[in-house]
Amino acid sequence: MPKPKYIFVTGGVVSSLGKGIAAASIANLLESRGLRVTLQKLDPYLNVDPGTMSPFQHGEVFVTDDGAETDLDLGHYERFTHAALSKDNNATSGRIYERILAKERRGDYLGKTVQVIPHVTNEIRAQIDKVSTGDVDVVLVEIGGTVGDIESLPFIEAIRQMRHDVGRAGCVFVHVTLVPYIAAAGELKTKPTQHSVKELRALGIQPDILLCRTETDLSRELREKIALFCDVDKRAVIAARDVDTVYQVPVNFAEQGVDDMALELLRLPAEPRRLEPWKRMVEGLRNPEDKVTIGIVGKYVDYEDSYKSLKEALLHGGLPHGLRIKIEWIEAESITRETAARQLGECDGLLVPGGFGIRGIDGMTEAIRYAREKKVPYFGICLGMQTMVIEFMRNVCGIAEAHSTEFAPAAKHRVFFKLRELKGVEDLGGTMRLGAWPCRLEAGSFARRAYGADKISERHRHRYEFNRPEYERTLTAHGMRITGDTPDGAYVEICELPDHPWYLGCQFHPEFKSKPLEPHPLFAAFIGASYEYHRRHFRSVAEQEQKQFLRMR
Ligand code: GLN
C-alpha cells in the first residue's frame, strides 16, 4: 500500500493568522486536482480535548460523526474538502500525555525512563500514522500554536523526524507568517518573518513555502528579500492577503501556484485544477440579489467564534436563493416580554442556537414566543429546540412550570431531562449524546420537504432529551408535531409547528454538516422562509404607506 505524502503547516509571529484556513485551502486545491486528502490538527495545550473549554476562550467545539469534540479548525477542514474526519484527526498534548501515562502505569515501558524524546515524540508520530491510511494521497497536519512556544516543541521535533524518515519528496513544510504594515513608516516589514523562520530553522526545519499574511500585495522586491533571507524559492513566497470571504483563499493560492509547488516538491502527479464550481460559489457570495436579516438569540454572541459553523451554515443557506445574510447577534439575557418586539422587529427569521446553562433561557423563550405569535420563521438548534418546546408547553399547553432539569433539577414538569431520570428506561450510561445518530422523518413535515428524504443522520452534543413518555400527548394535542425521531422511537429529534410559515427545532446540530458547495437543507429552507417573510412584510409595509399617502390626498 503506498504511503501518503505529508504537508506540515506551522505558524509564526502571532496566533490567529488563519493556519486552519490555509491548510484547508491547500487541501481544497489538491482535492480539486483529483487527489484524496485528509487533515489533522495537533494542539499543544494540555486539555485532553476542547470539550471542556469555554466557547468564550476557545471558540466553538466542533463535533465529528464519531462523536469527537474537536477544535473548530476541523470545521474549516470539512467545509473546504470532503475529508471524512474522526477523533483521530485532532489530538492535544493532553491526549498524548494521557496515553503515555496510562502506558507507564501499566508498565508498558518496562522500567525505562519515560521522556519527551523519544516517548512523547513517538506518540505524536503514532497519532499522525493513524490518519496516514491507504485511502489518502496527502495528509495535511496543522500544528497549533506559534513556533517558539515551549508547548509546541515536541510537535515540531516529531515532524522534523518525519522528514528525516520520509525524505525530501515525502513531505513539504508550509509556514504561515505575518508581514505587518507599519503605518508610521508606510512600509511592510519582513523582520518578524525572518525571525520566525530563523526560529524554525533552529529547530531543524527549513520551510519550503511561506504564506505571508499581509494587508496588501507583496512587491517583487519584498518577495525577493524574504526569499533570500529565509532561503526559500522566490515562487514560494506567497502573499496571503486579507480577504472579504475565507472562501477566496483557495482562489488566491491557486493564482500563485501554491498547489503546483507542493505537488512538484512531493513529486506527485495530479490532474489540472477544477476550481470553477468553487469560484462560482464565491462570486455568488459576493453578488447577492437581495438580503435577509437573521437574528441569533444566544449567550455567547460577543465572541463570534463560538458560533463559527452556525454562521457559515447560514451563509451557505443563502446561496441557493442568491441572498446575503445579515446576522443580528442578540444577547439572550437582554430580551424581555416588553422589549421583544422592539429588539426583534427588524429580523426576517429568528434562530436560537446551542448552549449550556441557565443564563439567558428566559430571554430565549420570550424571543421564541414572539416568533411563534408573529409568525416569524424560527429555527431552534439543540438548546433552541429545548427552549422552543418549553415555551410551547408553558404558553400554549398551560404548564407554567415546564422546564428542563438542566435549569431546574427539582422541576415539577420535567419536559427535558436525562432519560435515566425516568425509572425503567435504559440510558446510554455516558454523560453526553455525541456524534451521528440516525433519524426518521415524518411525511408532510418541514424537515421532510427540506431534506427530500425520509432517513437522515445528524450530529449531536447534548445531555438532555425530550421527555416523550410523559409529555408527547400534551404537546401534540396542542398542535406541535414530533416530525423526527430515532428509529427506536426513544429520542425525539425534531419538533415543528405546522400552523406557521416555518417553525422547527432540532435536537442535533445541522450546522456541522453544511458546506458552501452543499448547503445544509434545513438552513436553505429556513433562509427561504425568512426571505418569504421579508417580502411579505416589506410588501405590506409598502401597501400601508401607499394607503396612507392616498388618504392624505
Ligand atoms: N444544554 C443542553 C443539553 O445539554 C443543550 C446543549 C446544546 O445546545 N448543545 O442538552
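Structural data are supplied above this passage.
Residues numbered from 1 in each chain as written. Predicted model: local features only at pLDDT ≥ 70, side-chain atom pairs only at ≥ 80, totals over all residues. Heavy atoms only, no water.

1. Focus on helix H8 (residues 220–230)
At step 1: What H8 keeps buried is the set Leu 222, Arg 223, Ile 226, Ala 227 and Cys 230. The arc that holds the buried residues of H8, viewed along the axis, is 135°, so those residues lie on one side. Of the exposed residues in H8, those oriented more than 90 degrees away from the buried face are Arg 220, Glu 221 and Leu 228.
At step 2: Of the surrounding secondary structure, the elements contacted by the buried residues of H8 are strand E9 (187–188), helix H7 (191–202), strand E10 (209–214) and strand E11 (237–241).
At step 3: A positive phi of about 60° marks Asp 231, the residue just after H8. (Buried < 20%, exposed > 50% of the residue type's maximum accessible area, 1.4 Å probe, protein only. Helix = DSSP H or I, 4+ residues; strand = E, 2+ residues; numbered from the N terminus. Arc of directions from axis to C-beta. Contact = heavy atoms within 4.5 Å.)

2. Observations regarding the site of the ligand
At step 1: In the vicinity of the ligand, the contacting residues are Gly 354, Gly 355, Phe 356, Cys 382, Leu 383, Gln 386, Glu 406, Arg 461, His 462, Arg 463, Tyr 464 and His 509.
At step 2: Between the ligand and Tyr 464 there is a distance of 2.9 Å, counted from an oxygen atom to a backbone nitrogen or oxygen.
At step 3: In the environment of the ligand, a nitrogen atom lies 3.1 Å from a nitrogen or oxygen atom belonging to the side chain of His 509.
At step 4: The fraction of the free accessible surface of the ligand (290 Å²) that becomes covered by protein chains is 99%.
At step 5: Of all elements in the fold, only helix H15 (383–395) and strand E19 (455–462) reach the threshold of two or more residues within the shell around the ligand.
At step 6: Taken together, the residues of the shell around the ligand sort by class into four nonpolar, five polar and three charged. (Near = heavy atom within 4 Å. Polar contact = N/O pair within 3.5 Å; in protein donor to acceptor, adjacent residues only side chain to side chain. Areas by Shrake-Rupley, 256 points an atom, 1.4 Å probe, with all protein chains shown as cover. Nonpolar A, V, L, I, M, F, W, Y, C, P; charged D, E, K, R; others polar.)

3. Describing the side chain of Ser 152
At step 1: Positionally, Ser 152 belongs in the loop between strand E6 (138–143) and helix H6 (153–166).
At step 2: Accessibility expressed as a relative area gives 2% for Ser 152, which makes it buried.
At step 3: Residue contacts for Ser 152: discarding those within four places in its chain leaves Pro 44, Gly 144 and Thr 146.

4. Observations concerning the pairing of E10
At step 1: Among the six residues of E10, five are classified as buried, and the element is accordingly described as predominantly covered.
At step 2: Across five bridges, strand E7 (residues 171–178) lies against E10 in parallel orientation. The residue bridging Leu 178 from the neighbouring strand is Arg 213, located in E10.
At step 3: Of the pairings in the sheet, the one linking E10 to E11 comprises five bridges and is parallel in character. Paired with Arg 213 across the strands is Ala 240, a residue of E11.
At step 4: Between the parallel pair E10 and E11, the chain is carried across by H8, and the sense of this crossover is right-handed. (Pairing = 2+ DSSP bridges. Right-handed = clockwise from strand over helix to strand, strands pointing away.)

5. Let's talk about the pattern of salt bridges
Think of it this way: side chains of opposite charge can pair up when their charged atoms draw near.
At step 1: Under the criterion given, the structure shown has 47 salt bridges.
At step 2: Here Glu 98 makes a salt bridge to Arg 95, at a shortest N to O gap of 3.1 Å. Placement of both Glu 98 and Arg 95 in helix H4 (residues 93–106) is noted, with a separation of three residues, approximately one turn of the helix.
At step 3: Residue Arg 481 is joined to Glu 442 by a salt bridge in which the shortest nitrogen-to-oxygen separation is 3.7 Å. (Salt bridge = Lys/Arg side-chain N within 4 Å of Asp/Glu carboxyl O.)

6. Some points on a nonpolar patch on the surface
At step 1: Residues Leu 46, Tyr 97, Leu 101, Val 116 and Ile 117 make up a contiguous nonpolar surface patch of roughly 470 Å² in combined accessible area.
At step 2: In this fold, Leu 101 is placed in helix H4. (Patch = residues over 30% accessible without salt bridge, like charges linked within 9 Å, V, L, I, M, F, W, Y side chains within 5 Å.)

7. A short note on the sheet that holds E11
At step 1: The sheet built from seven strands is open, its strands ordered E5-E2-E6-E1-E7-E10-E11 with parallel pairing. Strand pairing shows two members of the sheet lacking a second neighbour, strand E5 (90–92) and E11, which therefore form its edges. Direction aside, neighbouring strands of the sheet carry axes that sit 20° apart on average.
At step 2: Bridge count for strand E1 (residues 5–11) against E6 is five bridges, and the pairing is parallel. Note that in E6 the partner of Tyr 6 across the bridge is Val 139. (Axes fitted to C-alpha atoms, helices over the stretch in contact; angles between N-to-C directions.)

8. Brief notes about the nonpolar core
At step 1: Membership of the largest hydrophobic core comes to 48 residues, with the highest contact counts inside it found for Ile 7, Ile 26, Ile 209, Leu 211 and Phe 253.
At step 2: Examining the composition of this core, we find that eight residues originate from one element, helix H1 (residues 19–32), more than from any other.
At step 3: Contact partners of Ile 7, with chain neighbours within four places excluded, come to Ile 26, Leu 30, Val 138, Val 139, Leu 140, Val 141, Val 172, Val 174, Ala 262 and Leu 266.
At step 4: In this structure, Val 376, Val 415, Phe 416 and Met 480 belong to the second largest nonpolar core, which totals 41 residues. (Core = buried A, V, L, I, M, F, W, Y, C linked by side-chain atoms within 4.5 Å.)

9. A few points about the sheet that holds strand E22 (residues 492–496)
At step 1: Pairing in this open sheet of nine strands is mixed, and the strands run E13-E12-E14-E15-E23-E22-E21-E18-E19 from one edge to the other. Two strands close off the open sheet at either side, each with one partner strand: strand E13 (323–331) and E19. Between one strand axis and the next, the sheet turns by 25° as a mean value, whatever way the strands run.
At step 2: With three bridges joining them, strand E14 (residues 349–352) and strand E15 (residues 378–381) adopt parallel strand pairing. The residue bridging Leu 351 from the neighbouring strand is Phe 379, located in E15.
At step 3: Each of E14, E15, E19, E22 and strand E23 (503–506) touches H15; the most contacted strand, E15, lies at about 115° to it.
At step 4: Packing of helix H17 (residues 468–477) onto the sheet brings it into contact with strand E21 (481–485) and E22, and relative to E21 it is tilted by some 135°.

10. Examining the packing of H1 against helix H3 (residues 73–80)
At step 1: Following both chains from N to C, one finds H1 and H3 inclined at 20°, their axes separated by 9 Å at the closest point. Accordingly, the angle class assigned to the pair H1 and H3 is roughly parallel. Of the two possible hands of crossing, H1 and H3 adopt the one that is right-handed. Between H1 and H3, the contacting residues are Gly 20, Ile 21, Ala 23, Ala 24, Ser 25, Asn 28 and Glu 31 on the first element and Asp 73, His 76, Tyr 77 and Phe 80 on the second.
At step 2: Per-class residue counts for the contact of H1 with H3 are five nonpolar, four polar and two charged. (Parallel < 35°, antiparallel > 145°, perpendicular 65-115°, else oblique. Left-handed = near helix turned anticlockwise from the far one by under 90°.)

11. Some remarks on the packing of H7 against H8
At step 1: Running from N to C, H7 and H8 point in directions that differ by 25°, and their axes come no closer than 10 Å. For the element pair H7 / H8, the angle class is roughly parallel. When the axes of H7 and H8 are compared, the crossing they make is right-handed. Here H7 contributes Thr 193, Gln 194, Val 197 and Arg 201 to the contact with H8, which in turn contributes Lys 225, Ile 226, Phe 229 and Cys 230.
At step 2: Of the residues that constitute the contact of H7 with H8, the class distribution is four nonpolar, two polar and two charged.

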